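Listed below, chain by chain, are the residues.
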Amino acid sequence: MSSDVSDPFDQFRGTASYIVSDELRHAVNVAVALARPLLVRGEPGTGKTLLAENLASALHLPLTRWHVKSTTKARDGLYVYDTVARLHDSRFGDAGDVRDIARYIKLGPLGEALSAPSRVVLLIDEIDKADLEFPNDLLHELDVMRFRIDETGREIAAAERPIVVITSNNEKELPDAFLRRCVFHYIQFPNRELMAEIVRVHHPDITDRVLDNALEVFFGLRATPRLRKKPSTSELIDWICALKKAGVDLSRVSGGIPFLGTLLKTEQDVEQVSKRAKA
Amino acid sequence: MLIDFLFELRARKLPVSTHEWMALMEAMALGLHESSLDGFYQLCRTLCVKDIALYDAYDEAFLAYFKDVHVDALRLTEQLMEWLADPRALGALTEEQRKALQALDLEKLRELFEQRLKEQKGRHDGGNRWIGTGGTSPFGTGGKNPNAMRAGGGGGRSAMQVADERRFREYRRDVVLDVRQIDVALRGLRRLGREGALDELDLDETIDKTCKNAGEIEVVFRPPRRNRVKVLLLMDVGGSMDPHAELMSRLFTAASRTGRFAKFRSYYFHNCIYNAVYEDAQFRKGVPVADLLAHSDRDEKLVLVGDALMHPAELLDPGGASFMYTQNRASGHEWLRRLAAHFRSAAWLNPEPERFWSGTTIEVIASVFAMWPLTLDGLSHAVRYLVRGGERPRVGDPARWMKAMLS
């Protein structure tokens, strides 16, 4: 399905709507070439999740997502045996053959990725949300890219190794054994030039002057010491959107930043910024 | 030859395994380093360093191995970078001022920079000569001199320059932390047990009961698992602790989050603990320490936070309390020992950087309580110690120090 999977390197160069830094592009290509999972960390709002989506669209591969929550178990990613449905069917007997266990096996996202007929991109989002042991429980499956459904004895093996992108918010330490198998990249917060490029992708009609003013304010805010939560890329884009809709010209505004609420999300931060503005 | 680099990395406590090194070799055989030092810098970091906190150490190793940069010299400039990290606001420049600033060529500038660096003795903000923030001096950060040389901040693109910038220093684990990081570290402080209302479905037991009932469904509930750890937090406030007030409030915010511990109490003290601690930071509502001990279970975790810095007499003399409301008959040292004896596990977190500990009262207090610096590393060690016990860190030689003090 994809055109140039045989070429081992430099398949990914970003897409029209997603700008990557050279470092990130390099890390992605190393992960693809070595067929190892790519672990991406970084501040919230630096586009970790978007990376997988855009990688899939750049390589023309389908994307399977697995959003991890605090209650997620590693096994759920492979498959779930719906015993309650089977029990229900056996008691009230209105739906087919209950002896066929396979009907009650539902593949999870990892299971789906491994049983896909061709190569897919698998996104394991926010892996650190789950229990500490969660990544360890996945080690074997991610290594060999196959598993067995115990209840039916069916063996599922990947036709082609999926490209695995794992994101993490740095909330928990990940186990060493897991880290050893990954290619690691930390997404740095974009510098001014890269940020200008990113904003242009989302607001193609923005003028240089407006963009310049907005970036000036934005990076000024981020440089404010002791902020609890620094504004991120997605917040900048929302803010510019709000400015445009309201028709506010930043260079003419005096006394405070308009729509500050789209950039700063805690009271203390707003206070801190207005205190410094007065000084 | 690269094997030496592996050992260089490992010597700097980067946990690079054979597994990862083999992957690097494989990647290089595939030509993924693009046959350049820059490419290698990227590739090796991507494959061998899995933690942003270790990037700085990696940069150091890279510099040491690939260039004769004296790493100690980099450490010396750390303090300089600290001043520069927090630029003071600055006024706009008038046209005359701009003209008055002489244009210097790069060579000259660098020379001057080194010379000034040698002469300068402290932080400096605003003004036109010294290295600092704001101002019109040709050196520093956040300044207005159009020809200025920037110290600290972005720039450079090649691997050497990137490594030399050491952009990842702020992610190091030995620096102080924010609420979220404290939160994460405190998650380790738990011992789970089931208690409370029956509001969680016990699936195994339900299936068991149902089978015994020959298929008639019987649903079994159980109490959810809760953290059973109880924490008593004692915080030093005022005086020498003022610079750390922000950090203390972060720690308090994270620790006092509801539902985190089975029981959480906090009190304040000033300088050292004598016969009373206080419910409020203004020291109005006193609670005698004797009462506090009577109402505390021995298995509560005692956490003290303070700089442990005071005049030796305040710690060691009976009646040495500097705090006017207090007339202590036993010395502060004695009171601390009583606290330490009551609780099975206790830890002291010190916001004062570790390099200032030796030869002060900190050494004495660290011999009473297991003490760690209030950093991400220190906090996780303390949490591990509180839950599992283990060895206490050794700090200086308090016996010798006390002898010298008392003689």
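Residues numbered from 1 in each chain as written. Chains lettered and ligands numbered in written order. Predicted model: local features only at pLDDT ≥ 70, side-chain atom pairs only at ≥ 80, totals over all residues.

Undergrad: Would you explain the overall build of chain B in this entry?
TA: For chain B, the helix and strand inventory stands at 18 helices and 14 strands. For chain B, buried positions account for 33% of its 407 residues. For chain B, contacts bridging at least 24 residues in sequence account for 63% of all contacts bridging at least 6. (Helix = DSSP H or I, 4+ residues; strand = E, 2+ residues; numbered from the N terminus. Buried ≥ 20, exposed ≤ 12 C-beta atoms within 10 Å, placed from the backbone. Contact = placed C-beta atoms within 7 Å.)

Undergrad: Looking at this model, I keep getting lost on the overall build of chain A. Mind explaining?
TA: Along the backbone of chain A there are 12 helices and nine strands. For chain A, with 279 residues in total, the buried portion stands at 29%. Sequence-distant contacts in chain A: of pairs separated by 6 or more residues, those separated by 24 or more amount to 75%.

Undergrad: Can you help me understand the packing of helix α15 (residues 332-342) of chain B against helix α16 (residues 361-368) of chain B in this one?
TA: Geometry of a packed helix pair, given as the angle between the helix axes and the separation of the axes. Residue and element names in this part refer to chain B. One way to put it is that α15 packs onto α16 with a least axis distance of 9 Å and a crossing angle of 25 degrees. The angle between α15 and α16 places the two elements in the roughly parallel class. Regarding α15 and α16, the two cross each other, and that crossing is right-handed. Residues His333, Leu336, Arg337 and Ala340 of α15 pack against Val364, Ile365 and Val368 of α16. In terms of residue class, the contact of α15 with α16 is made up of five nonpolar, one polar and one charged. (Axes fitted to C-alpha atoms, helices over the stretch in contact; angles between N-to-C directions. Parallel < 35°, antiparallel > 145°, perpendicular 65-115°, else oblique. Left-handed = near helix turned anticlockwise from the far one by under 90°. Nonpolar A, V, L, I, M, F, W, Y, C, P; charged D, E, K, R; others polar.)

Undergrad: Looking at this structure, how should I read the packing of helix α8 (residues 192-202) of chain A against helix α9 (residues 208-222) of chain A?
TA: Residues and elements named next belong to chain A. Running from N to C, α8 and α9 cross one another at 125 degrees; their axes reach a closest spacing of 11 Å. Taken together, the axis directions place α8 and α9 in an arrangement best described as oblique. For the pair α8 and α9, the crossing hand works out as right-handed. Of α9, the residues touching α8 (which contributes Arg192, Met195, Ala196 and Val199) are Leu211, Leu215 and Phe219.

Undergrad: Explanation requested: the interface of chain A and chain B in the structure shown.
TA: Interfaces are often sized by the accessible area lost when the parts come together. Counting residues at the interface gives 24 residues for chain A, matched by 22 residues for chain B. Elements represented by at least two residues in the side of chain A that touches chain B include exactly α1 (22-34), α7 (176-181) and β9 (183-187) of chain A. For the side of chain A that touches chain B, the leading source of residues is α1(A), giving six residues. Class assignment for the residues of the side of chain A that touches chain B results in 13 nonpolar, three polar and eight charged.

Undergrad: Explanation requested: the sheet that holds strand β8 (residues 163-168) of chain A in the structure shown.
TA: Either a parallel or an antiparallel arrangement is found when strands of a sheet pair, and the pairing is made through backbone hydrogen bonds. All names here are of chain A. Read from one edge to the other, the open sheet built from five strands follows the order β2-β5-β8-β1-β9, with strand pairing classed as parallel. Strands with a single pairing partner mark the edges of an open sheet, and in this sheet they are β2 (63-67) and β9. Strand-to-strand twist in this sheet, taken as the mean axis angle between neighbours without regard to direction, amounts to 20 degrees. Bridging between strand β1 (residues 38-42) and β8 involves four bridges; their strand directions are parallel. Directly across from leucine 38, in β8, lies its bridge partner valine 165. Together, β1, β8 and β9 form the strand contacts of α1, whose direction differs from that of β9 by roughly 160 degrees. (Pairing = 2+ DSSP bridges.)

Undergrad: I would appreciate a short explanation of the environment of B:Leu192 in the present structure.
TA: Residue and element names in this part refer to chain B. On the secondary structure map, leucine 192 appears in strand β4 (residues 192-194). Between the alpha carbons of leucine 192 and proline 224 there is a distance of 9.7 Å; along the sequence they are 32 residues apart. Excluding residues within four positions of it along the chain, leucine 192 makes contact with Arg225, Arg226 and Asn227.

Undergrad: Help me understand unusual backbone geometry in this model?
TA: Backbone phi values are negative for most residues with the exception of glycine, while trans is the configuration of most peptide bonds. Residues and elements named next belong to chain A. Residues other than glycine seldom take positive phi values, yet alanine 35 does so here, at roughly 55 degrees. In this fold, alanine 35 is placed in the loop between α1 and β1. At histidine 60, a position not held by glycine, the phi torsion is positive, near 55 degrees. Histidine 60 sits in the exposed class, given 11 other C-beta atoms within 10 Å.

Undergrad: So what exactly am I meant to see when it comes to the confidence of the model for chain B here?
TA: All names here are of chain B. Residues at a pLDDT of 70 or more form 66% of chain B, whose mean pLDDT is 73. Between residues 69-76, whose pLDDT stays under 50, and residues either more than four places distant or in other chains, the model counts five contacts. Overall, residues 87-91 carries pLDDT values under 50, and its contacts beyond four positions in sequence, including any with other chains, amount to 14 contacts. Scoring the predicted complex yields pTM 0.60 and, for the interface, ipTM 0.73. (pLDDT = per-residue confidence, 0-100.)

Undergrad: Would you mind going over the pairing of β1(A) with me for this structure?
TA: Working note: regular strand, side chains alternate between the two faces of the sheet. Residues and elements named next belong to chain A. Of all five residues in β1, five are buried; the element is thus mostly enclosed. Neither face of β1 is left uncovered, since the one carrying Leu38, Val40 and Gly42 and the one carrying Leu39 and Arg41 both have all their residues buried. Here five bridges tie β1 to β9, and the two strands are oriented parallel to one another. The partner of valine 40 across the bridge, within β9, is histidine 185.

Undergrad: Can you help me understand the environment of B:Val287 in this one?
TA: Note that B:Val287 resides in strand β11 (residues 286-288). Setting aside its immediate chain neighbours within four residues, B:Val287 contacts B:Tyr267, B:Ala276, B:Val277, B:Tyr278, B:Glu279 and B:Leu292.

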